Amino acid sequence: MTRYQHLACLLSDRIEQGLYRSGERLPSVRTLSIEHGVSISTVQQAYHLLEEKQLIVPQPRSGYFVATRKATPPMPALTRPAQRPVEITQWESVLELLSSRNCGDVLQLGSGMPDLTQPTLKPLWKIQSRMAQKQDTDLLNYDSLLGVAALREQVARLTIDSGCQLTAEDIVITTGCHEALSVSIRAVCETGDIIAVESPTFHGTMQTLRGLGIRAIEIPTDSVTGISLEALELAFEQWPIKAVVVVPNCNNPLGFIMPEARKRTLLTLVQRFDAAIIEDDVYGELAWEYPRPITIKSLDMDGRVLLCSSFSKTLAPGLRVGWVAPGRYRDRVLHMKYIGTGSTATLPQHAVAEFIRQGYYLPHLRRMRQVYQRNYETFSCWVRHYFPCGICVSRPQGSFLMWIELPEAFDAVRLNTELRALKIQVAVGSLFSASGKYRNCLRLNYGLPINEHTEQAIAQLGAAVEQAMHACHIETEHASSLTD
Ligand SMILES: Cc1ncc(COP(=O)(O)O)c(C=O)c1O
């Protein structure tokens with residue numbers, strides 16, 4: 001962190017803590033420069049940064065003032081899905097989301113794409129082009145079913161940071177985390193079985209369940225502590241649940257990190273009912289806290305946790321390099337891997353292994369965490385500024401996804417249709433529910449570049465939300481006057 005960023009951070013903390021109140025005049029540039037022993041231009045840069053984040057406003061010839069702000073929106077409350085196994089719907093909406101993914105002229109405010117523009121990714125291009133120049137035929141050949149050994153060794157090493165003690169033999173490389181999840185689900189379940197999921201949850205997991213004829217039971221989930229263990233226990237008592245799928249670290253879409261004690265209790269509970277845990281850690285390395293949070297897998301003594309992840313969110317999704325540590329389900333997972341893709345593309349595996357081996361991965365991760373955390377601060381200011389009151393907003397603990405809950409009667413699907421004219425799209429909440437709940441919610445990606453174009457899009461989105469909220473208020477009033 002540079003000096004001016006450090007100073008900006010300090011000042012923004014003071015504003016957050018209420019030491020400088022809304023509308024209050026801030027110390028002059030000269031006073032701060034003397035107080036902190038930094039140059040005038042450092043203070044100016046710090047003030048400029050805070051101005052960009054809309055925390056302070058300049059007033060000609062009077063200095064800087066703390067911006068008069070709307071109150072921070074509350075966080076979404078514990079969700080309340082129907083607690084019985086359901087067939088999964090929403091495929092058509094997922095397909096629509098996927099087909100709009102690469103429409104160049106539409107700004108995807110809700111995608112799950114990481115920022116691919118940072119300079120710390122450049123060595124990956126060089127490594128790949130050097131590999132291509134060598135024309136080594138091994139790189140064009142099949143590799144083993146387990147995946148490239150050099151990559152499995154690197155992955156095993158990386159998992160030490162999440163508390164695991166794995167070796168290369170414990171890892172199976174997959175085509176993205178998507179395949180890791182799908183082979184895991186197929187390894188532990190059969191058609192007609194029931195799996196418990198957080199609610200809301202990643203649509204890819206749910207569509208996999210749908211494709212396999214597995215029903216999902218959506219468990220209430222809190223935006224701070226994660227899946228409700230009490231509700232999960234009740235569900236276990238009522239239904240023959242084979243596995244629980246969770247994203248406990250930097251959850252998609254709610255952003256929480258499940259506290260360690262709850263991770264332990266979850267494992268004990270699942271052990272009691274002799275089920276499996278499919279743990280999706282695809283965002284775990286993007287947690288802002290240091291050291292990064294542990295995985296449930298690190299607590300697992302009897303091999304019932306299948307840990308799934310990939311380099312899609314930390315490096316690039318187009319590499320399609322993921323992995324699973326399947327524990328006691330290794331043979332089944334290998335079989336499912338074989339009947340699914342046979343083996344994962346060889347060249348990207350070598351490229352990722354080299355990127356890590358040459359020491360580029362950890363600095364890249366550090367940078368991405370900083371970029372996303374800074375972006376989050378700006379995005380949450382924009383949301384507070386441009387969105388109407390009466391919304392709830394998640395406070396993610398890492399990664400780049402934010403969940404916004406609007407009043408119950410709000411229809412985000414309709415909003416998205418209207419947003420087409422503005423060439424903006426969001427991810428609508430119903431994608432994240434088996435039964436189409438959360439139509440009043442949306443997911444935003446704050447990994448997008450912080451520039452005028454993005455700010456303008458958020459401003460347009462905020463205005464569209466406000467208009468739609470007003471319209472649905474009128475409709476609700478009209479409906480209730482008809483029933484009165
Ligand atoms: C929670 C979660 N798991 C898995 C995936 C799929 O990852 P991959 O692109 O590596 O297949 C995603 C992608 O959005 C995700 O959000």
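None of these values were measured; they are calculated from a predicted model. (Residues numbered from 1 in each chain as written. Predicted model: local features only at pLDDT ≥ 70, side-chain atom pairs only at ≥ 80, totals over all residues. Heavy atoms only, no water.)

### Digging into the sheet that holds strand β12 (residues 392–393)
And step 1. Spatial ordering of the open sheet is given by β12-β13-β16-β15, a layout of four strands whose pairing is antiparallel. The sheet terminates laterally at β12 and β15 (427–428), the two strands that pair on one side only. (Pairing = 2+ DSSP bridges. Helix = DSSP H or I, 4+ residues; strand = E, 2+ residues; numbered from the N terminus.)

### Here we look at the site of the ligand
And step 1. The local shell around the ligand holds 13 residues, among which D280, Y283, S310, S312 and K313 are the closest.
And step 2. Note that an oxygen atom of the ligand is positioned 2.7 Å from one of the side-chain N or O atoms of N252.
And step 3. The side chain of S312 places a nitrogen or oxygen atom 2.5 Å from an oxygen atom of the ligand.
And step 4. Notes on the ligand: free accessible area 390 Å², of which the protein chains cover 92%.
And step 5. More than half of the atoms belonging to the ligand lie within 2 Å of the grid points that define the largest pocket.
And step 6. Here the residues of the shell around the ligand sort into five nonpolar, five polar and three charged. (Near = heavy atom within 4 Å. Polar contact = N/O pair within 3.5 Å; in protein donor to acceptor, adjacent residues only side chain to side chain. Areas by Shrake-Rupley, 256 points an atom, 1.4 Å probe, with all protein chains shown as cover. 1 Å grid on protein atoms, 1.4 Å probe; cavity = no way out; pocket = protein on both sides within 12 Å on 5 of 7 lines; lining within 4 Å. Sits in = over half its atoms within 2 Å of the grid points. Nonpolar A, V, L, I, M, F, W, Y, C, P; charged D, E, K, R; others polar.)

### Some points on the domain arrangement of the protein
And step 1. For the protein, the assigned domains read domain 1 (3–66), domain 2 (105–112 + 363–483) and domain 3 (140–358).
And step 2. The C-alpha centroid of domain 3 is placed 27 Å from the C-alpha centroid of domain 2.
And step 3. Contacts between the two partners involve 26 residues from domain 2 and, on the opposite side, 24 residues from domain 3.
And step 4. At the boundary of domain 2 with domain 3, total buried surface from both sides reaches about 2200 Å², with 62% on carbon and sulfur atoms.
And step 5. It is R369, Q397 and F432 that lose the most area in domain 2 upon contact with domain 3, and together they represent 25% of the buried surface on that side.
And step 6. Inspection of the domain 2/domain 3 interface yields zero salt bridges.
And step 7. Where domain 2 touches domain 3, the interface holds 14 residue pairs in polar contact (both at pLDDT 80 or more).
And step 8. Mapped by element, the contributors of at least two residues to the side of domain 2 that touches domain 3 are α13 (361–386) and β13 (401–405). (Domains from an automatic or database assignment. Contact = heavy atoms within 4.5 Å. Buried area = accessible area lost by both parts, 1.4 Å probe. Salt bridge = Lys/Arg side-chain N within 4 Å of Asp/Glu carboxyl O.)

### Considering empty space enclosed by the protein
And step 1. Applying the stated criterion across every chain yields a total of one cavity of 30 Å³ or more.
And step 2. Computed from the structure, the largest cavity encloses a volume of approximately 120 Å³.
And step 3. Forming the boundary of the largest cavity are 13 residues, of which T159, D281, E285, R292 and W323 lie nearest the centre. (Points joined across faces, edges and corners; volume = space filled by probe spheres on them.)

### Some remarks on the packing of aromatic side chains
And step 1. Scanning the model with the defined rule gives 13 aromatic pairs in all.
And step 2. Where F236 meets F273, the ring centres are 4.7 Å apart and the plane angle is 10 degrees; that geometry is what we call stacked. Here F273 lies in the loop between α10 (260–272) and β9 (276–280) and F236 lies in helix α9 (residues 229–238), a separation of 37 residues in the sequence.
And step 3. On the basis of relative accessible area, F236 is assigned to the buried category, the value being 5%.
And step 4. The class of F273 is partly exposed, set by a relative accessible area of 26%.
And step 5. An aromatic cluster of at least three residues, connected via ring pairs, comprises W288, Y376, F379, W382 and Y446. (Phe/Tyr/Trp six-rings, centres within 6.5 Å; stacked < 30°, edge-to-face > 60°. Buried < 20%, exposed > 50% of the residue type's maximum accessible area, 1.4 Å probe, protein only.)

### Focus: a nonpolar patch on the surface
And step 1. Judged by side-chain polarity, W91, L95 and L98 come together as a nonpolar surface patch covering roughly 240 Å² of accessible area.
And step 2. On the secondary structure map, W91 appears in helix α4 (residues 91–99).
And step 3. Since its relative accessible area comes to 32%, W91 is described here as partly exposed. (Patch = residues over 30% accessible without salt bridge, like charges linked within 9 Å, V, L, I, M, F, W, Y side chains within 5 Å.)

### Topic: the pattern of salt bridges
And step 1. Taken as a whole, this structure holds 16 salt bridges when the rule is applied.
And step 2. Counted as one network, the salt bridges with shared partners bring together D274, D302, R304 and R328.

### Overview of the packing of helix α7 (residues 176–188) against helix α8 (residues 203–211)
And step 1. Running from N to C, α7 and α8 cross one another at 40 degrees; their axes reach a closest spacing of 10 Å. What the angle tells us is that α7 and α8 run oblique. Here the hand of the crossing between α7 and α8 comes out right-handed. Seen from α7, the contacting residues are H178, L181, S182 and I185; seen from α8, they are G204, T205, T208 and L209.
And step 2. Residues that form the contact of α7 with α8 fall into these classes: three nonpolar, five polar and no charged. (Axes fitted to C-alpha atoms, helices over the stretch in contact; angles between N-to-C directions. Parallel < 35°, antiparallel > 145°, perpendicular 65-115°, else oblique. Left-handed = near helix turned anticlockwise from the far one by under 90°.)

### Concerning the sheet that holds strand β7 (residues 226–227)
For sheets, the rule is that strands pair by backbone hydrogen bonds, running either parallel or antiparallel.
And step 1. Ordered in space as β4-β11-β10-β9-β8-β5-β6-β7, the eight strands form an open sheet in which the pairing is mixed. Edge positions in the sheet fall to β4 (172–174) and β7, since each has one partner strand and no second.
And step 2. Across four bridges, β9 lies against strand β10 (residues 305–310) in parallel orientation. The residue of β10 that forms the bridge with I278 is L306.

### Overview of the nonpolar core
And step 1. By size, the foremost hydrophobic cluster in this structure holds 112 residues, and its most contacted members are L109, F311 and L444.
And step 2. Broken down by element, this core gets its largest block of residues, nine residues, from α13.
And step 3. Taken together, domain 2 (105–112 + 363–483) and domain 3 (140–358) each give at least three residues to this core, which thus spans both.
And step 4. In contact with L444, other than residues within four places in its own chain, are L109, G110, V383, F400, L401, M402, I404, V426, I458 and L461. (Core = buried A, V, L, I, M, F, W, Y, C linked by side-chain atoms within 4.5 Å.)

### Observations concerning helix α14 (residues 412–419)
And step 1. By the burial criterion, the buried members of α14 are A412, L415, N416 and L419. Buried positions in α14, seen along its axis, are confined to an arc of 100 degrees and lie on one side of it.
And step 2. With a side-chain oxygen positioned 3.0 Å from the backbone nitrogen of V413, the residue opening α14 is D411. (Arc of directions from axis to C-beta.)

### Concerning the packing of α4 against α8
And step 1. Taken N-terminus to C-terminus, the directions of α4 and α8 make an angle of 130 degrees; their axes are 11 Å apart at the nearest point. For the element pair α4 / α8, the angle class is oblique. Considering only the axes of α4 and α8, their crossing is left-handed. Packed against α4, whose contacting residues are W91, V94 and L97, the element α8 presents H203, Q207 and R210 at the interface.
And step 2. Residues of the contact of α4 with α8, tallied by class, amount to three nonpolar, two polar and one charged.

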